[in-house]
Amino acid sequence: MVSAAFSGFALAQLKERTIRIVAKKFEYTPAEITLARGEPVLLELTSEDVTMGFSAPDFKIDVEIVPGRVTEVRLVPDKAGTFDFICDVFCGEGHEDMGGKIHVA
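### As for the packing of aromatic side chains
- All chains considered together, the criterion is met by four aromatic pairs.
- Arranged with centres 5.8 Å apart and planes meeting at 90°, the rings of Tyr 28 and Phe 54 form a pair that is edge-to-face. Within this pair, whereas Tyr 28 is found in strand 3 (residues 27–29), its partner Phe 54 is found in strand 6 (residues 52–56), the two being separated by 26 residues in sequence.
- By relative accessible area, which is 3% here, Tyr 28 ends up buried.
- Its relative accessible area of 0% is what places Phe 54 among the buried residues.
- Taking the centre distance of 4.9 Å and the plane angle of 70° together, the rings of Phe 59 and Phe 83 count as edge-to-face.

### Quick notes on the environment of Val 41
- You can see Val 41 is positioned in strand 5 (residues 41–47).
- When near neighbours in sequence (up to four residues on either side) are disregarded, Val 41 contacts Glu 16, Arg 17, Ile 19, Leu 35, Val 73, Arg 74 and Leu 75.

### Digging into the confidence of the model for the protein chain
- Put simply, the protein chain has an average pLDDT of 88, and 87% of its residues get 70 or more.
- No element of the protein chain has a lower mean pLDDT than strand 1 (residues 2–4), at 53, and none a higher one than strand 5, at 98.
- Taken as a whole, residues 6–12 scores under 50 in pLDDT and shows 11 contacts with residues more than four places along the chain or in a different chain.

### A closer look at the pattern of salt bridges
- Going through the model one piece at a time under the given rule, you end up with five salt bridges.
- Close ionic contact of Arg 17 with Glu 39 constitutes a salt bridge, the shortest N to O distance being 2.8 Å. Within this pair, whereas Arg 17 is found in strand 2 (residues 17–24), its partner Glu 39 is found in the loop between strand 4 (32–35) and strand 5, the two being separated by 22 residues in sequence.
- A relative accessible area of 34% means that Arg 17 is categorised as partly exposed.
- Notably, a salt bridge pairs Arg 20 with Glu 44, separated by 3.2 Å at the nearest N-O pair. Of this pair, Arg 20 sits in strand 2 while Glu 44 sits in strand 5, placing them 24 residues apart in sequence.

Rules used throughout
Residues numbered from 1 in each chain as written. Predicted model: local features only at pLDDT ≥ 70, side-chain atom pairs only at ≥ 80, totals over all residues. Heavy atoms only, no water. Phe/Tyr/Trp six-rings, centres within 6.5 Å; stacked < 30°, edge-to-face > 60°. Helix = DSSP H or I, 4+ residues; strand = E, 2+ residues; numbered from the N terminus. Buried < 20%, exposed > 50% of the residue type's maximum accessible area, 1.4 Å probe, protein only. Contact = heavy atoms within 4.5 Å. pLDDT = per-residue confidence, 0-100. Salt bridge = Lys/Arg side-chain N within 4 Å of Asp/Glu carboxyl O.

This is how it looks when you write it as structure tokens:
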């Protein structure tokens, strides 16, 4: 489990929203997520086929997604903007186009 980008709020004081993201060759579903700045979020990442990666450098997130397991990432975005996430574990031809966006308002 990875925790990233805390903005000073105690997680125990705020209700955490869960977002499920499924990875499969060569896409994430959903490929775009929208968050509110300061909102605590639990990302539940799963893979349908092979080991994938989930890297969101702006939030210092870099985890591996193993088929048959749920990888959890806690995040409290502390800045507004649009940020990329990518698969950083080679998963086959088409891997270089596998990515998505995190929109924070």
